[in-house]
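# Structural description and commentary
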Number of protein chains: 2
Amino acid sequence: MANEPPQTKPRIILDENGKPCRTCNTLEDFQSATGRLFNNIKSATSLAIAGVALEKIPGSKTYYKEDPPDIRKLGASSWTFLHTMSAKYPQQPTPREKDDMKSFLNIFSRVYPCDWCAKDFEKYIRENAPKVESREELSRWMCEAHNSVNRKLNKEEFDCNFWQQRWKDGWDDPETK
Amino acid sequence: MANEPPQTKPRIILDENGKPCRTCNTLEDFQSATGRLFNNIKSATSLAIAGVALEKIPGSKTYYKEDPPDIRKLGASSWTFLHTMSAKYPQQPTPREKDDMKSFLNIFSRVYPCDWCAKDFEKYIRENAPKVESREELSRWMCEAHNSVNRKLNKEEFDCNFWQQRWKDGWDDPETK
C-alpha cells in the first residue's frame, strides 16, 4: 500500500530516483543500505560529547558538514513545530484563522517531505477532520494525531491531558500545576 | 516596531497575558525572568550525558517532563522542516504544487508560534516573493530567507551553494561531491 512502509526488514524506502531516501528511513537503515556515514548532529557541543570529529564546511567558521535529517529527526522537528503552533493558536479564532489552519494542515499533508508519512497524515486528516474551533480543541486534535503515529510505531501514547504543560506552560507553572 | 524584538537587554517578550513567552525568548532569558527551570531535553540519552534527573510524566513509562521549546529550539526545528520540504519539492512542479507552496508559506508566516518571528517572515515574503518554479529555486530562496534571519542574529551566513549537501544528499554522495 502506498501509504504504509514496506513490512519486511530491513525496510528501505527509495526516492524518486531509486536511491535510498534519507528522510524516509532511519539513519541506521540508511547507513546499512548505503554503507555511508550519516552525520546527524545537534551542535558542536554534542559533537564534543560524542567525541566525533566532523569537518567544517569549506569557507565556513561555524557550520559543520551536518547531514540531512533522517525520518526520526524530521519527524521530531515537525511535531515540535506543529504542537507549538497548536498551543499558540487563538483561544477564540476568527473565521479567517480557522480557514487558515484548515488549509495549512491540508497543504502540510501534501508537502511533508517523506512521501509515505505525508500520505498517512493525509488519510488521518480525511478520517479525522482537524478541530479548529479553539486552542484547546486543536491542541488535543494534534496530540491525538501524533498518538495515531505513536501507535503505528509501537511507541507509548502521550496522555493528552498534559498537552498544556508539554507544549505551552511547562511543568512548574503554578497556574497549571 | 512590532516585527522586531525590543533592543534593550535583557529582552523579555511577553505573551498575550503579559507573562514571559517561552517560544519568543531564549531559555536563558526566560529563566532569568521567571526564576523557573527550563527542561529542554533531546532524549533520555542526552539527559544521562548531562547528568540531569528529570521526572517522568505521571502514569508514563517513557515520557519525561520536557518543557515547551524556547525560541531557538522552535527555530531550529522549523528550519529543519522548511529546508527539508524545499529539498523534496518537485524539480518540475505542477501549477497546483506551485500554488500549494505559495499558500503554505503565506499561511506559515501567519501561524508561526512566535509573533515577532512570524511578522518578520511575513515582511520577508512580501519583499521577496517565494520562488516556486523548481526545487533548486525554492531551496535557494529558503536558504536566503534563513540567511536574512542569520544576519539579524549576527550569525554567520550559510553558503547556499551547499544546500543540496546539507538538506538533500549529504556530504559523501559521489554524485554531488
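Note that the coordinates shown come from a computational prediction; the quantities given were computed from them, not determined experimentally.

## Section: the overall build of chain A
Of regular secondary structure, chain A possesses seven helices and zero strands. In sequence order, the secondary structure elements of chain A are arranged as α-α-α-α-α-α-α. Taking all 177 residues of chain A together, the buried fraction comes to 47%. When contacts within chain A are restricted to residue pairs at least 6 apart in sequence, long-range pairs at least 24 apart make up 50% of them. If you sum the accessible surface of chain A, you get close to 9200 Å²; carbon and sulfur atoms cover 50% of it.

## Focus on the packing of aromatic side chains
Counting across every chain of the model gives 24 aromatic pairs over all chains. Aromatic pair A:Phe81 and B:Tyr112: ring centres 6.2 Å apart, planes at 15°, arrangement stacked. Taken together, the positions of A:Phe81 in helix H3 (residues 71-88) and B:Tyr112 in the loop between helix H4 (95-111) and helix H5 (115-127) put the pair across two chains. Over the face of the ring belonging to A:Trp167 we find A:Arg166, whose NZ or CZ atom lies 3.8 Å from the ring centre.

## Some words on the interface of chain B and chain A
It is common to give the size of an interface as the accessible area lost on bringing the parts into contact. Between chain B and chain A, the residue contacts involve 59 residues of the former and 59 residues of the latter. Roughly 5100 Å² of surface becomes buried between chain B and chain A when both sides are summed, with 58% attributable to carbon and sulfur atoms. Between the two partners, chain B and chain A, sit four salt bridges. Note that A:Arg110 and B:Asp100 form a salt bridge whose closest N and O atoms lie 2.6 Å from each other. Of all the secondary-structure elements, those providing two or more residues to the side of chain B that touches chain A are helix H3 (71-88), H4, helix H6 (135-152) and helix H7 (163-169) of chain B. Considered class by class, the residues forming the side of chain B that touches chain A number 23 nonpolar, 13 polar and 23 charged.

## Topic: the relation of the copies chain B and chain A
When chain B is fitted to chain A, the residual RMSD is 0.0 Å, and the transformation amounts to a turn of 180° plus an axial shift of 0.0 Å. Each copy turns onto its partner about a two-fold axis. If distances are taken from each C-alpha of chain B to the rotation axis, the shortest is found for B:Ser77, at 2.2 Å. Mapped onto chain A, 100% of the interface residues of chain B are again interface residues, and the two copies thus contact each other with one and the same surface.

Calculation notes
- Residues numbered from 1 in each chain as written.
- Chains lettered and ligands numbered in written order.
- Predicted model: local features only at pLDDT ≥ 70, side-chain atom pairs only at ≥ 80, totals over all residues.
- Heavy atoms only, no water.
- Helix = DSSP H or I, 4+ residues; strand = E, 2+ residues; numbered from the N terminus.
- Buried < 20%, exposed > 50% of the residue type's maximum accessible area, 1.4 Å probe, protein only.
- Contact = heavy atoms within 4.5 Å.
- Areas by Shrake-Rupley, 256 points an atom, 1.4 Å probe, with all protein chains shown as cover.
- Phe/Tyr/Trp six-rings, centres within 6.5 Å; stacked < 30°, edge-to-face > 60°.
- Lys NZ or Arg CZ within 6 Å of the ring centre and 35° of its normal.
- Buried area = accessible area lost by both parts, 1.4 Å probe.
- Salt bridge = Lys/Arg side-chain N within 4 Å of Asp/Glu carboxyl O.
- Nonpolar A, V, L, I, M, F, W, Y, C, P; charged D, E, K, R; others polar.
- Least-squares fit on C-alpha atoms with pLDDT ≥ 70 in both.

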